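Listed here are the chains, written in short residue letters.
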Amino acid sequence: MKLLTRAEELVLLAVWRLKEEAYCVPIREMLMEATELNWSFGSIYDALDRLEKKGYLRSSLSDPIASRGGRSKRIYAHTADGIKAMNVIRKVQRRMWDGIGDFTVEKLS
Amino acid sequence: MNMGPHHRPPRLAEWLLRRLGHIKGWDTLADDIGEAYNSMVEKSKKSSAILWYWGHVLKTVPGALRNTYYWRSNMIRNHLKIAFRHMNKHRGITAINLVGMGVGLAAVLFILFFLRLELSFDHHHVNADRIVRAMKSYVGDDDNRTALVPPALSPALVADFPEIEAGVRLIKQNDVHIMANSKNFFERGIVFCDSSLFKVFSFDFIHGHAESVFSDPNGIVLSESMAYKYFGKENPLGETVTYKGQTALIVTGVVKDQPGTSSLIPHFMISLDMFMEMKDWANPDSWGASFLNNYFLLRPGVSLESVEAKSESFLQRHYESNKDHPFNLKFIPLKQIHFQTRRSTITLFGGIASLVLIVAIMNYINLATARASTRSKEIGLRKVIGAQRKALLGQFITESVLFSLIAFMAGLALVASLMPGFNSLLGTHLSLSLIFDPVLLSWLGGLIIVVGLCAGLYPALIITSTKPADIFRKQVMGHSKSILRSTLVVFQVIITVVLIALTLVIAKQMRFINQRDMGFEQKNILAIDVRDDRLQKNKMIIRQLLKAHPAIQHASFASSLANSSDYMTNIDWPGKEEGREQDVWLNFVDEEFADVFNLELTAGRDFKSVTSNEKDAAFLVNETLVRALGWDDPVGKSLEHFIGGRKGTVVGVVKDFHMLSLQESIAPMIMDLWPDWDKSSLAVALNQNPTPELIGEIESIIKRFAPDYPFVMDYFEDRIKSSYTSEIRMQKLFGLFSILAVCIAGMGLFGLTAFTVQRQTREIGIRKTLGASIMVIVYQLSRQLGRNVLIGNLIAWPLIWWLAGKWLMRFAYRVDVDWYIFAGSTVIVLLVSVLTISAQAFKAARANPADSLRYE
């Protein structure tokens with residue numbers, strides 16, 4: 001598997017966490033909270049687009065929603081590959097973090 | 001639960017966002033941002049949410065634009081580059097196409113300019129949409145419409161119809177003697193009208209007030225240009241203007257001139273009450289005599305149909321006396337009035353101009369399909385790389401639209417430089433500044449695209465249809481035996497031959513008219529306007545004074561000159577059968593009329609020899625009238641006609657002459673020797689060519705009696721010619737366009753032959769080495785095109801016969817469509833095509849085969 005960009009990783013994780021509510025608005029809110037950075041809609045759509053093209057996510061339109069003026073949301077969900085990709089990410093992350101202790105202190109000493 | 005979003009984002013921003021989201025395929029983008037916007041409005045201030053929203057939108061724009069347009073334009077730029085290279089490589093063919101299409105487009109451009117100008121007539125009036133003109137049509141003959149209605153109609157309509165806001169009645173006069181500030185001129189645009197004129201139409205008052213100008217019936221309103229002409233820069237209010245040397249009017253207002261695109265251009269506006277006062281026959285309450293134009297201002301939102309629907313009962317109400325009202329009332333919107341009079345001219349000229357353009361487009365198609373093979377490798381390669389057919393079509397369409405754009409620029413330059421010539425040819429007043437009119441611009445844009453599509457679509461389909469494998473297998477494309485190409489050549493030939501033949505027919509007819517014996521003398525006759533009381537009173541003396549001059553042979557006062565007739569009426573005679581109607585044309589003349597115009601007498605006496613007691617009741621008639629009445633011995637018979645209720649005796653018969661234009665047959669005619677009738681013209685026959693001194697002497701004689709009456713003199717010959725202006729115009733236009741068509745079609749043939757020759761160079765070489773003679777090769781090269789040219793001629797002949805016959809129908813005296821008209825036009829086209837084709841064929845056939853075969 002190819003490595004994902006950081007944005008893609010984060011979006012992939014956010015979709016997993018949000019489950020049925022995984023559409024752009026809450027994804028963005030979650031990422032803004034988690035990263036304490038401002039995320040534009042464009043960047044999230046870009047990431048979602050790329051993940052969908054790579055086959056990790058699939059999307060579907062929800063039923064029309066009154067509070068959105070009768071328009072649908074585009075809800076994202078993982079594909080089997082997407083779940084595998086999450087595993088790979090965690091594995092890679094774990095390997096890379098393994099053995100690193102209290103690095104801030106070490107660096108200071 | 002069914003509640004919409006609480007807060008709607010700024011509409012423009014939302015719309016932009018939807019467009020941009022659509023481009024990227026992010027269909028829910030706008031809704032998502034909208035949702036975030038909503039929660040933001042709830043949490044914080046609305047203004048900051050709006051700012052945030054807009055910021056978001058604007059941030060998205062550059063990227064989206066680059067994605068959509070930059071990459072797309074990249075492709076178009078490549079297409080343009082290839083197109084330019086291609087044009088550069090085939091300069092000859094490009095030049096042929098460019099010249100042809102440029103000239104064709106220039107012709108169409110002129111017509112579009114003309115059309116645009118004509119369509120914009122009367123739009124400047126603020127209420128133009130609501131102004132209508134009343135039209136009278138006769139019961140049972142609805143097509144026979146006139147704009148003249150009786151005086152009582154307008155007040156009654158305005159009173160009875162709440163839908164009508166105001167009405168204005170007017171009557172126009174031209175060539176009226178106006179005197180003011182001791183200046184004398186004949187003026188056009190004298191209008192007698194109700195003061196509501198200034199309410200219905202838009203006039204800007206420089207001096208005076210619209211409401212009060214006619215509060216005194218002898219008020220007169222001048223246009224700005226006329227006020228300047230007579231009074232200079234002074235304020236003319238209160239000055240006196242004398243109408244026809246008799247009626248003194250006081251200037252009560254000055255209005256800005258109407259623009260040239262106005263169908264109503266009044267320069268002197270006088271109260272209609274004044275007209276009624278001056279003419280004892282005019283009764284303002286009459287439902288009988290129709291002599292006024294009526295315009296009405298409808299209230300906003302009122303439809304014409306609703307008014308027309310009620311007019312039936314309205315007319316019945318007001319024509320109580322005779323249950324069947326004698327006419328129907330119709331209305332025509334102001335904006336359509338002018339255009340209707342020009343429709344046939346525009347259709348005709350537009351048609352011919354389009355034909356020239358079509359010939360040029362056919363050239364493009366022919367040459368483009370013929371050259372398909374030269375582009376096959378490029379197409380093949382593009383296809384191999386993965387170009388879709390759609391993209392390739394786009395490329396060729398781009399190319400042809402680009403071409404049409406370039407040709408358009410050339411055409412526009414041509415239009416700009418030829419504008420004065422065109423204006424004088426057609427008698428129009430076009431200017432290049434019209435090009436900034438947005439409507440015209442949109443037409444021109446449309447024209448470029450339509451021409452580009454027409455020219456490019458078919459070649460594009462042909463060129464892109466081949467399979468790349470075929471191309472690289474070196475199969476020859478663009479067969480010389482293309483059915484379409486043959487058809488187009490045939491069409492070009494038809495168009496060209498027909499245009500030439502019609503030109504010949506028109507020229508023949510015009511020569512016939514010019515050379516035809518009209519039955520009267522035309523040379524060395526002067527026509528002088530004498531509509532002045534003082535001149536009318538002294539007719540006898542003036543005539544004697546004139547005749548005392550050695551250079552003047554005869555002089556005659558008459559209501560019309562010999563080439564026209566102004567009055568038509570019914571006649572009565574003893575022994576007339578019940579129910580028989582006989583129309584006659586009338587001319588009120590004096591004793592020397594027949595001498596001035598050298599009319600030939602076939603029976604009886606001339607007016608000169610009538611005795612003084614006969615003078616009050618003497619008629620001369622023409623042969624046609626004698627035939628119509630079936631008289632064997634016309635002299636001494638009595639007649640009565642109804643203009644002035646004149647009874648008289650026929651003293652003589654004149655040989656028929658064309659007292660109407662040659663478009664009409666000679667009709668029955670009476671010349672009435674009635675001394676009291678006002679004669680509008682004075683005809684003077686000279687025995688030498690007119691010199692300035694002689695004319696000066698005549699002027700001084702006239703001036704002796706009416707020193708302030710403007711002296712206006714025409715040569716009679718010019719008057720006759722001017723009655724055929726539109727035919728002469730048409731002759732020039734057809735001549736010009738057929739020359740253009742011949743040239744363009746000829747260039748097309750040239751291009752096609754050049755191409756055939758180029759492709760068959762090696763074949764010719766081989767044939768020659770095998771012993772073919774030059775003639776055989778020339779025949780072989782020109783056979784195909786020559787056959788098409790012949791077929792085109794054959795098809796054109798019946799068309800010519802039909803069209804020429806139709807045009808000639810308008811003349812009562814017309815030429816035949818002789819064989820040599822067909823032959824002549826065919827010979828011209830054949831000559832041009834044979835020259836263009838064979839010149840190249842000979843060149844190719846004479847070439848040394850060794851040269852063409854050397855590089856194999």
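It should be noted that the structure appears before, not after, this text.
Residues numbered from 1 in each chain as written. Chains lettered and ligands numbered in written order. Predicted model: local features only at pLDDT ≥ 70, side-chain atom pairs only at ≥ 80, totals over all residues. Heavy atoms only, no water.

> Would you mind showing me how to read the overall build of chain B here?
A count of helices and strands for chain B gives 26 helices and 25 strands. For 856 residues, the compact-globule estimate of 2.2 N^0.38 gives 29 Å, and chain B exceeds it by more than 25% at 37 Å. Taken along the three principal axes of its C-alpha coordinates, chain B extends 105 × 100 × 55 Å. A buried classification covers 50% of the 856 residues belonging to chain B. Contacts in chain B between residues far apart in sequence, at least 24 positions, make up 79% of those at least 6 positions apart. (Helix = DSSP H or I, 4+ residues; strand = E, 2+ residues; numbered from the N terminus. Rg over C-alpha atoms; globule rule 2.2 N^0.38 Å. Buried < 20%, exposed > 50% of the residue type's maximum accessible area, 1.4 Å probe, protein only. Contact = heavy atoms within 4.5 Å.)

> Would you explain a nonpolar patch on the surface in this entry?
Residues and elements named next belong to chain B. Together, Ile 791, Leu 794, Ile 795 and Trp 797 line one region of the surface with nonpolar side chains, adding up to about 350 Å² of accessible area. Tracing the backbone through its elements, the reader meets Ile 795 in helix α24 (residues 774–808). Residue class for Ile 795 comes out partly exposed when judged on its relative accessible area of 42%. (Patch = residues over 30% accessible without salt bridge, like charges linked within 9 Å, V, L, I, M, F, W, Y side chains within 5 Å. Areas by Shrake-Rupley, 256 points an atom, 1.4 Å probe, with all protein chains shown as cover. Salt bridge = Lys/Arg side-chain N within 4 Å of Asp/Glu carboxyl O.)

> I would appreciate a short explanation of the pattern of salt bridges in the present structure.
Opposite charge on two side chains permits them to pair, given that their charged atoms come into close proximity. Overall, the coordinates contain 31 salt bridges over all chains when judged by the stated rule. The residue Asp 129 of chain B makes a salt bridge to Lys 335 of chain B at a minimum N-O spacing of 2.6 Å. Here Asp 129 of chain B, found in the loop between α4 (91–119) and β1 (131–138), pairs with Lys 335 of chain B, found in helix α10 (residues 334–370); they are 206 residues apart in sequence, far enough to count as distant. Shared partners join several salt bridges into a network, and the residues in it are Arg 71 of chain A together with Glu 14, Arg 18 and Asp 31 of chain B.

> Looking at this structure, I do not really get the environment of Gln 544 of chain B. What am I missing?
All names here are of chain B. Along the polypeptide, Gln 544 turns up in helix α17 (residues 539–547). You can call Gln 544 exposed: its relative accessible area is 56%. Taking the C-alpha atoms as reference points, Gln 544 and Ile 720, 176 residues apart in sequence, are found 27 Å from one another.

> I'm lost on the packing of aromatic side chains in this one. Help?
Each aromatic ring pair is characterised by the separation of its centres together with the angle its planes make. Inspection of every chain in the model, using the stated rule, returns 27 aromatic pairs over all chains. Between Phe 192 of chain B and Phe 275 of chain B, the ring centres sit 5.0 Å apart and the planes meet at 55 degrees, which makes this aromatic pair tilted. Residue Phe 192 of chain B is located in strand β7 (residues 190–193), and its partner Phe 275 of chain B is located in helix α8 (residues 272–278); the two are separated by 83 residues in the primary sequence. Across the pair, exposure class does not vary: Phe 192 of chain B and Phe 275 of chain B are buried alike. The ring of Trp 16 of chain A carries the charged tip of Lys 19 of chain A above its face, separated from the ring centre by 3.4 Å. (Phe/Tyr/Trp six-rings, centres within 6.5 Å; stacked < 30°, edge-to-face > 60°. Lys NZ or Arg CZ within 6 Å of the ring centre and 35° of its normal.)

> What am I meant to see in unusual backbone geometry here?
Both trends apply: most residues other than glycine have a negative phi, and most peptide bonds are in trans. We note that Lys 19 of chain A has phi near 50 degrees; this positive angle belongs to a residue other than glycine. With a phi angle near 65 degrees, Asp 122 of chain B is a residue other than glycine that sits in the positive phi range. Here Asp 122 of chain B lies in the loop between α4 and β1.

> Would you explain the interface of chain B and chain A in this entry?
Taken together, the contacts link 19 residues of chain B with 19 residues of chain A. Interface area, chain B with chain A, both sides summed: about 1600 Å², of which 50% is carbon and sulfur. The largest share of the area that chain B buries against chain A comes from Trp 26, Asp 32 and Glu 35 of chain B, three residues that together contribute 34% of it. Where chain B meets chain A, there are one salt bridge. With a shortest N-O distance of 3.2 Å, Arg 71 of chain A and Asp 31 of chain B are connected by a salt bridge. Counting across the chain B and chain A interface gives five residue pairs in polar contact (both at pLDDT 80 or more). Of all the elements in the fold, those that place two or more residues in the side of chain B that touches chain A are α1 (11–24), α2 (29–43) and α3 (46–89) of chain B. With six residues, α2 of chain B is the largest single contributor of residues to the side of chain B that touches chain A. Grouping the constituent residues of the side of chain B that touches chain A by class yields eight nonpolar, four polar and seven charged. (Buried area = accessible area lost by both parts, 1.4 Å probe. Polar contact = N/O pair within 3.5 Å; in protein donor to acceptor, adjacent residues only side chain to side chain. Nonpolar A, V, L, I, M, F, W, Y, C, P; charged D, E, K, R; others polar.)

As far as function goes, none of this settles anything; it's purely spatial.
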